[in-house]
Amino acid sequence: MSEKCIVCPCEDVTLADVEQAIGLGYLDIDEVKRFTGLGTGSCQGKLCMVTTCQLLQTAQAADPQRVQRQPEAQRVPHPFTPRPPVVPVPLGVLAAGKGADRER
Amino acid sequence: MPNPDHPPSSAERSGGSDFHIEFEGRAVRARHGDTVASALIAAGVQVLSRSLKFHRPRSVFCLSGSCGSCLMRIDGQPNTRSCQVKAEPGLRCERQNAWPSADYDLLSAADAMFPLGMDHHTMFTSPRPLNRLMQKVVHQLGGLGRLPEVDAELASAASVVCQHVAVLVIGGGPAGLAAATEAATALGQTGRVLLLESQHSVGGSYLCHPELGRDRAHAALQLAQEAGVEILTGTAAFGFYREERHAAQPGAELGFVAAASDQVLYKLSADRYVYATGGAAQNLLFIDNDRPGVMSGRAVGRLLACHGIRVGEMPLVVGCDPFADELVSALRRSGQTVIHIDGTREKLTRALGGSWVEGAEVCDERGVHRTVRCDLIVIATPPAAASELLVQHGVTVELRQPGGFVGVADAQGQTNVPTVFVCGEVSGAMTAQDAADHGARVGLSAAQDRISEQARDAAARNIGQDQE
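This is a predicted model, so every value here is computed, not measured.

Draft legend 1. Spotlight on the overall build of chain A. In terms of regular secondary structure, chain A is built from 5 helices and 2 strands. Starting at the N terminus and ending at the C terminus, chain A contains elements arranged as β-β-α-α-α-α-α. Pairs at least 24 apart in sequence give 60% of the contacts found in chain A among residues at least 6 apart. Counting every atom, chain A has about 5100 Å² of accessible surface; 53% of that belongs to carbon and sulfur.

Draft legend 2. Molecular detail of the packing of aromatic side chains. Counted under the stated rule, the structure contains 3 aromatic pairs over all chains. Ring centres of B:Tyr241 and B:Phe256 lie 5.5 Å apart, and the angle between their planes is 20°; this geometry places the pair in the stacked category. Within this pair, whereas B:Tyr241 is found in strand E12 (residues 236–242), its partner B:Phe256 is found in strand E13 (residues 255–260), the two being separated by 15 residues in sequence. Residue B:Tyr241 is classed as partly exposed on the basis of its relative accessible area, which comes to 32%. Across from the ring centre of A:Phe80, 4.2 Å away, lies the NZ or CZ of A:Lys33, which sits over that ring.

Draft legend 3. Quick peek at the state of the cysteines. Residues and elements named next belong to chain B. Per the counting criterion, the structure on display carries 0 disulfides over all chains. Cys67 forms no disulfide, and the closest cysteine sulfur to it belongs to Cys62, at a distance of 3.7 Å. On the accessibility criterion, Cys67 (6% relative accessible area) is buried. Free of any disulfide, Cys374 has its nearest neighbouring cysteine sulfur in Cys363, separated by 16 Å.

Draft legend 4. Region of interest: the nonpolar core. With 89 residues, the main nonpolar core has B:Ile21, B:Leu40, B:Leu348 and B:Ile377 as its most contacted residues. Those residues in contact with B:Ile377 that sit more than four places away from it in its chain are B:Gly293, B:Val294, B:Met295, B:Leu316, B:Leu348, B:Ala351, B:Val357, B:Gly359 and B:Ala360. Counting residues in each nonpolar core, the second largest holds 36 residues, with A:Val87, B:Ala385, B:Val420 and B:Val426 among its members.

Draft legend 5. The side chain of B:Arg302, seen in detail. Positionally, B:Arg302 belongs in helix H7 (residues 297–307). Not counting the four nearest positions on each side in its chain, B:Arg302 is found in contact with B:Leu63, B:Gln199, B:Gly204, B:Leu207, B:Cys208 and B:His307.

Draft legend 6. The arrangement of the side chain of B:Ser205 in detail. With respect to the secondary-structure elements, B:Ser205 resides in the loop between strand E10 (193–196) and helix H6 (213–227). The contact partners of B:Ser205, leaving out residues within four places of it in the chain, are B:Pro174, B:Arg298 and B:Ala432.

Draft legend 7. Expanded view of the sheet that holds strand E22 (residues 369–373) of chain B. Residue and element names in this part refer to chain B. Within the open sheet, the 3 strands sit side by side as E20-E21-E22. Their pairing is antiparallel. Each edge of the open sheet is held by one strand with a lone partner, namely strand E20 (347–353) and E22. Mean inter-strand twist for the sheet, computed between neighbouring axes without regard to direction, equals 25°. Relative to strand E21 (residues 357–363), E20 runs antiparallel, the two sharing 6 bridges. The residue of E21 that forms the bridge with Leu348 is Val362.

Draft legend 8. A look at the interface of chain B and chain A. Facing the 72 residues of chain B at the interface are 50 residues of chain A. Here chain B and chain A share an interface that buries about 4800 Å² over both sides, 61% of which is from carbon and sulfur atoms. When residues of chain B are sorted by the area they lose upon contact with chain A, B:Phe238, B:Leu285 and B:Phe405 head the list and together hold 13% of the total. In this assembly, chain B and chain A are joined by 3 salt bridges. With a closest N to O distance of 2.4 Å, B:Arg350 and A:Glu3 form a salt bridge. For the pair chain B and chain A, the number of links is 18 residue pairs in polar contact (both at pLDDT 80 or more). Ranked by residues supplied to the side of chain B that touches chain A, first place goes to E12(B) with 5 residues. Across the side of chain B that touches chain A, the residue classes tally to 36 nonpolar, 22 polar and 14 charged.

Draft legend 9. The arrangement of the pattern of salt bridges in detail. Applying the stated rule across the entire model yields 24 salt bridges over all chains. Across the salt bridge formed by B:Arg56 and B:Asp288, the nearest N and O atoms sit 2.9 Å from each other. Of the two residues, B:Arg56 is situated in the loop between strand E4 (49–50) and strand E5 (57–58) and B:Asp288 in the loop between strand E15 (279–280) and strand E16 (294–296); the sequence distance between them amounts to 232 residues. There is no split in this pair, since B:Arg56 and B:Asp288 are both buried. For B:Arg310, the salt bridge is made with B:Glu313, and the minimal N-O distance between the two is 3.1 Å. Judged by relative accessible area, B:Arg310 falls into the buried class, the value being 15%. On the accessibility criterion, B:Glu313 (35% relative accessible area) is partly exposed. Several salt bridges share partner residues, and in doing so they unite A:Lys4, A:Asp12, B:Arg56, B:Arg58, B:Asp111, B:Asp288, B:Asp290 and B:Arg291 into one network.

What counts and what doesn't
Residues numbered from 1 in each chain as written. Chains lettered and ligands numbered in written order. Predicted model: local features only at pLDDT ≥ 70, side-chain atom pairs only at ≥ 80, totals over all residues. Heavy atoms only, no water. Helix = DSSP H or I, 4+ residues; strand = E, 2+ residues; numbered from the N terminus. Contact = heavy atoms within 4.5 Å. Areas by Shrake-Rupley, 256 points an atom, 1.4 Å probe, with all protein chains shown as cover. Phe/Tyr/Trp six-rings, centres within 6.5 Å; stacked < 30°, edge-to-face > 60°. Buried < 20%, exposed > 50% of the residue type's maximum accessible area, 1.4 Å probe, protein only. Lys NZ or Arg CZ within 6 Å of the ring centre and 35° of its normal. Disulfide = S-S within 2.5 Å. Core = buried A, V, L, I, M, F, W, Y, C linked by side-chain atoms within 4.5 Å. Pairing = 2+ DSSP bridges. Axes fitted to C-alpha atoms, helices over the stretch in contact; angles between N-to-C directions. Buried area = accessible area lost by both parts, 1.4 Å probe. Salt bridge = Lys/Arg side-chain N within 4 Å of Asp/Glu carboxyl O. Polar contact = N/O pair within 3.5 Å; in protein donor to acceptor, adjacent residues only side chain to side chain. Nonpolar A, V, L, I, M, F, W, Y, C, P; charged D, E, K, R; others polar.

Below you can see the structure in the form of structure tokens.
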């Protein structure tokens, strides 16, 4: 095993990957998600999102001038959009919903 | 060279077995109440999966279905969380995503080839023929698992259930059980209370307490059943879907919670929603923090409490909250030699070992590093709120340390969405007992809110009739 500090185990995204993204100026969790692919695996960010938000807060605190140049990154920390399904669901079960009664 | 058929035992469990499951062609002992993951850990299987890109060895981390470290091919279905599947006689499980085997995976060469990480933005992007070739190679090597053997039967066997209840409680841990009990007691015969639990048994974080957990979970379940709470276990809420238009109730807040068990798809709506979804175990950042043998405190507690499995002889526990202290005491009483660091003054910097943890590197506040011998690293830091469904439902969340993105609510647990209440860990880090107390308060106020709304509606109808 080569030495790695893993931020997102589902997608094998390392701390070095996240630091590279921050170094390139991505200071928003959604930007870092899109650049590195973290949070896009089977757990959908349950393990990596909060850790990454804390890394971003630290980076923003360390370089307030850069944050001022990027007003869109000044927003308060927010989670990336959690889309359904938030837990893995077999496709066969989802398929059962096809044509299901829409009335309650 | 170690024999993969008889890996060195890293876990022990006293007593016999009830039946066998089939693991890559060999029989593995299991007991009633085991999941596939717990049976394999008890049998000393160290590597349960290989990671997506670097084929790094992985084993269980959270043991509660919220991480992706234990995905296996089970009875022909790929990418199944082995910690969420009950062990049954004759069940077949195998590891995936490795060649020739998960114990000796040659594809893990990728781990050494990319020491920092894979930057797919610049890798093999030119010249074009090389790029095409690399895409073919990546398609062959990457991905998770192979297609299932049978899927048509499953699809036709699944059914749909649509229901509307008075109070829907999502999550059957300390907070959810208490909330459902109080709500059902307050509502009596005037409304149904339905509780969803994704695991096969209710209890949530109660079940992570190595000594008292099972009794507390059982007592809370009994109270809920006596109060008339309807409980669906093995049924995970996976999304809130907003519905824009509804002719019957214009202006009302609309939508439904979708939930699924192995065989049933549920479309559920309610007058009041109580989210008690708890938290997801979090890892710390240190070198090789994904090595098998690095487990969450809740996983270690659950293995001991629910399965009688003691992993390792010399665990290193990181964490300083009440749960970490309780876990350390319980592990010591079980006979283990525990090293305990708080994670703030003394930090974990590296997990040492091969396909299982053999030691750790620790750094104190003066920056002095020391190496400790251990055969398990236990990350017993507070979990992060499982607030995905809350966000889908339109509830405001804020980042707290500890706690993660917690749902913001008033003292009664009511959120910015008036029909939505939150309680327990999803509203802030707290102990199991505090979560139960909080859940009881919030469950009662959700039920009272619904009762007073119905009284207002009834009064409004009476006034309307008088005027006619």
